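Residues per chain, in single letters:
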Amino acid sequence: MENDLDTAVAAIESWDPALSVGNPDIDAEHQRLLRIIAKLKVIITDWERYGPQTAAVVTEIADYTVSHFSHEEELMRQYGFHVPDAAAQDGNNPQAISHLNQHRKFIKEFTDLTTRLSGGLAVDLVTVKGEYNRLHAWLVRHIKEKDQLLADFISQVQTHSKASPLSSFNRF
């Protein structure tokens, strides 16, 4: 059942088709994540009404982001994007390492924020505006720079795999 905040979010457009990376699964997850982030935008526009829901929305963003990043990282492994393991980073794709490092940094920063909020940090409108602006800008940049590279790589692997069953062995 939708609550009042979800109804308000549905009234604003949170997905820009220019953010499509051309992979339906990744695009659907980005759309959902941007809809959740849009809740912060609604909170900002009507602080008195929605401000008390800030901690719950930040937790929802954190939880879904972890799930989304896990899925992206599974795709990296599945399609041979050279996801580094704990043992060594030799021979790994620098783009994959950079992508994963961005995920780790984002999760740490957002976990710190959720910890502060759950610890009773007083949240004000200025803080929420700053977090919304930072989060939205980071995600858009991440989609355009990192996720687009991953989606393009997956597309190339899928195209080569359809061409020849052995082509996946020759992609490097």
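Everything numeric here is computed off the predicted structure, so don't read it as measured data.

### Some words on empty space enclosed by the protein
Following the criterion strictly, the structure yields one cavity of 30 Å³ or more and no others. Estimated volume of the largest cavity: approximately 50 Å³. Taken together, Leu-40, Thr-54, Val-58, Leu-113, Leu-117, Val-123, Thr-127, Val-128 and Glu-131 form the lining of the largest cavity. At the level of secondary structure, the elements contributing two or more residues to the lining of the largest cavity comprise helix 4 (54–78), helix 5 (94–118) and helix 6 (125–163). Element by element, the count of residues in the lining of the largest cavity is highest for helix 6, at three residues. Of the residues that constitute the lining of the largest cavity, the class distribution is six nonpolar, two polar and one charged.

### As for the packing of aromatic side chains
For the structure shown, the criterion picks out five aromatic pairs. Note on Phe-69 and Phe-106: the rings are 5.8 Å apart at their centroids and 70° apart in plane angle, and the pair reads as edge-to-face. One end of the pair, Phe-69, is in helix 4; the other, Phe-106, is in helix 5, and 37 residues separate them in sequence. Site record: aromatic cluster; members linked through ring pairs are Phe-69, Phe-106, Phe-110 and Trp-138.

### Here's the deal with the pattern of salt bridges
A complete count under the given rule lists nine salt bridges for this structure. When the shortest N-O distance is used, the salt bridge between Asp-6 and Lys-39 registers 2.9 Å. Here Asp-6, found in helix 1 (residues 4–10), pairs with Lys-39, found in helix 2 (residues 24–45); they are 33 residues apart in sequence, far enough to count as distant. You'll find Asp-6 and Lys-39 in the same group, each marked buried. Taken together, the shared-partner salt bridges connect Lys-105, Glu-109, Glu-131 and Arg-134 into one network.

Rules of the game
Residues numbered from 1 in each chain as written. Predicted model: local features only at pLDDT ≥ 70, side-chain atom pairs only at ≥ 80, totals over all residues. Heavy atoms only, no water. 1 Å grid on protein atoms, 1.4 Å probe; cavity = no way out; pocket = protein on both sides within 12 Å on 5 of 7 lines; lining within 4 Å. Points joined across faces, edges and corners; volume = space filled by probe spheres on them. Helix = DSSP H or I, 4+ residues; strand = E, 2+ residues; numbered from the N terminus. Nonpolar A, V, L, I, M, F, W, Y, C, P; charged D, E, K, R; others polar. Phe/Tyr/Trp six-rings, centres within 6.5 Å; stacked < 30°, edge-to-face > 60°. Salt bridge = Lys/Arg side-chain N within 4 Å of Asp/Glu carboxyl O. Buried < 20%, exposed > 50% of the residue type's maximum accessible area, 1.4 Å probe, protein only.

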